[in-house]
Amino acid sequence: MSLQMTRIYTLADVSSMLHNDYPSGASVSVANVDASMLAKIKKGQICVDFYTLVLIQKGRMSYALKGNVIELKENDLVLVPPNYPVSYDSYTDDLQSINLMIEERYYNKVLQFDPNLMDMEYSYAYDLLPVFHLEANKQMLFLDLSKQIQNTIRIPHLYREEMIDHLVHVVQLLFSELLYGGEIQPSHDLTNKQNIFKIFIHLASRNFKKERQIKFYADNLNITTTYLSRTVKEMSGQTVNGYLNTFLYNEICKLLRSSSYNMSEIADFLYFNDQSALTNFFKSRSGMTPGAYRRSFVGK
């Protein structure tokens, strides 16, 4: 089939077919794909104008790209470049994959942020079309990054663009590490530190109720606890624990003022060991017990 007969799909087209969250004008999209969704893409060749990283979570599939039939099984990852005619040959009924789709223009823009990556010959990867069978830690990293990107796309946020830039950059680092076999770390310049700080604040604001260990946030950012601690302190003058405790204290105040939860229920909701731990934490911050704080708002 000639390229002229190949259907051209944009990121918005594919996102609509897969019914995944895709804000208007977004440059990145994440889709959890199964066999029924893949069937919506008509048979024959298609051509997309974006990069797609496909991770098979269950089942098998094969597709033809540049005259090569590529077989994928569970935990396989492949990068499909833009503007290449693709035809899906077969897939099993239990197929499940996560597809991270990034517009070409945006992918290349983020790539330019890192001189180390710009020096690499990515066309080499496209010619080989390598399939990587991911170890458990790399699989979890890719899934976590995709989930963070998906959540960041869905929720309006002051620093959403910067957060997505950083997350896509980490995806590129992961792919480069797989391709070239070496550990490639982001350059820790000021811009990168600012991105790390902004993403930490975003993660902390969403997870502080349950996750109050620095390791959780460092792992999600794919950096060490020491580097995260130093970066937050350098960017803001505050500590990681300081931010988490501030979020926690403000949430307790809000619940005491505007909810009917008793102290035990608030302690459970915010994952304190018990009511006494909640009381001690609150009193150390406010100088009064939660009950006294709540009574001060009665009748106001």
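Everything below is about the structure shown above.
Residues numbered from 1 in each chain as written. Predicted model: local features only at pLDDT ≥ 70, side-chain atom pairs only at ≥ 80, totals over all residues. Heavy atoms only, no water.

Caption draft 1: Focus on the nonpolar core. If you look at the biggest cluster of nonpolar residues, it comprises 64 residues, and the most contacted ones within it are Val28, Leu53, Leu100, Ile149, Phe200, Leu228 and Ile252. Sorting elements by how many residues they give to this core places helix α7 (residues 160–180) first, with ten residues. Ignoring sequence-local partners within four residues, the contact set of Phe200 consists of Tyr217, Leu221, Leu228, Val232, Val240 and Tyr243. Of all hydrophobic cores here, the second largest spans 23 residues; its members include Tyr9, Val54, Ile56 and Met101. (Core = buried A, V, L, I, M, F, W, Y, C linked by side-chain atoms within 4.5 Å. Buried < 20%, exposed > 50% of the residue type's maximum accessible area, 1.4 Å probe, protein only. Helix = DSSP H or I, 4+ residues; strand = E, 2+ residues; numbered from the N terminus. Contact = heavy atoms within 4.5 Å.)

Caption draft 2: Just the packing of aromatic side chains, in detail. Taken as a whole and judged by the stated rule, the model has eleven aromatic pairs. Plain terms: the ring middles of Phe200 and Tyr217 are 5.6 Å apart, the flat faces sit at 80 degrees to each other, and that makes the pair edge-to-face. Taken together, the residues span a long stretch of sequence, with Phe200 in helix α8 (residues 190–207) and Tyr217 in helix α9 (residues 214–221) at a distance of 17 residues. Considered together, Phe200 and Tyr217 belong to a single accessibility category, that of buried residues. (Phe/Tyr/Trp six-rings, centres within 6.5 Å; stacked < 30°, edge-to-face > 60°.)

Caption draft 3: Local environment of the environment of Val80. Within the secondary structure layout, Val80 lies in strand β7 (residues 76–80). For the pair Val80 and Thr52, spaced 28 residues apart in sequence, the C-alpha to C-alpha distance is 5.1 Å. If near-sequence neighbours (up to four positions away) are discounted, Val80 is found in contact with Phe50, Tyr51, Thr52, Tyr63, Leu65 and Val86.

Caption draft 4: Spatial organisation of the pairing of β7. The element β7 is extensively covered by neighbouring structure, given that five of its five residues are classed as buried. A two-sided burial pattern is seen for β7, the buried positions comprising Asp76, Val78 and Val80 on one face and Leu77 and Leu79 on the other. Note that strand β4 (residues 50–58) and β7 share four bridges and pair antiparallel. Paired with Leu55 across the bridge in β7 is Leu77. Sheet topology places β7 next to strand β10 (residues 131–133); three bridges connect them, and they run antiparallel. Bridge pairing links Asp76 to His133 in β10. (Pairing = 2+ DSSP bridges.)

Caption draft 5: Quick look at the pattern of salt bridges. According to the stated counting rule, one finds six salt bridges in the structure shown. A salt bridge links Asp165 to Lys109, with the nearest nitrogen and oxygen atoms 3.9 Å apart. Of this pair, Asp165 sits in helix α7 while Lys109 sits in helix α3 (residues 104–111), and the two are 56 residues apart along the sequence. We classify Lys109 as partly exposed; its relative accessible area is 29%. Linking Lys209 and Glu251 is a salt bridge whose minimum nitrogen-to-oxygen distance equals 3.7 Å. (Salt bridge = Lys/Arg side-chain N within 4 Å of Asp/Glu carboxyl O.)

Caption draft 6: The arrangement of the environment of Ile252 in detail. On the secondary structure map, Ile252 appears in helix α11 (residues 240–258). Between the C-alpha atoms of Ile252 and Leu270, which are 18 residues apart in sequence, the distance is 8.4 Å. Ignoring sequence-local partners within four residues, the contact set of Ile252 consists of Leu270, Phe272, Leu278, Phe281 and Phe282.

Caption draft 7: Seen up close, unusual backbone geometry. Here Asn75, not a glycine, exhibits a phi torsion of approximately 75 degrees, which is positive. Within the secondary structure, Asn75 is located in the loop between β6 (68–72) and β7. The backbone of Tyr271 sits at a positive phi, close to 60 degrees, despite the residue not being glycine. With respect to the helices, strands and loops of the structure, Tyr271 is situated in the loop between α12 (263–269) and α13 (275–286).

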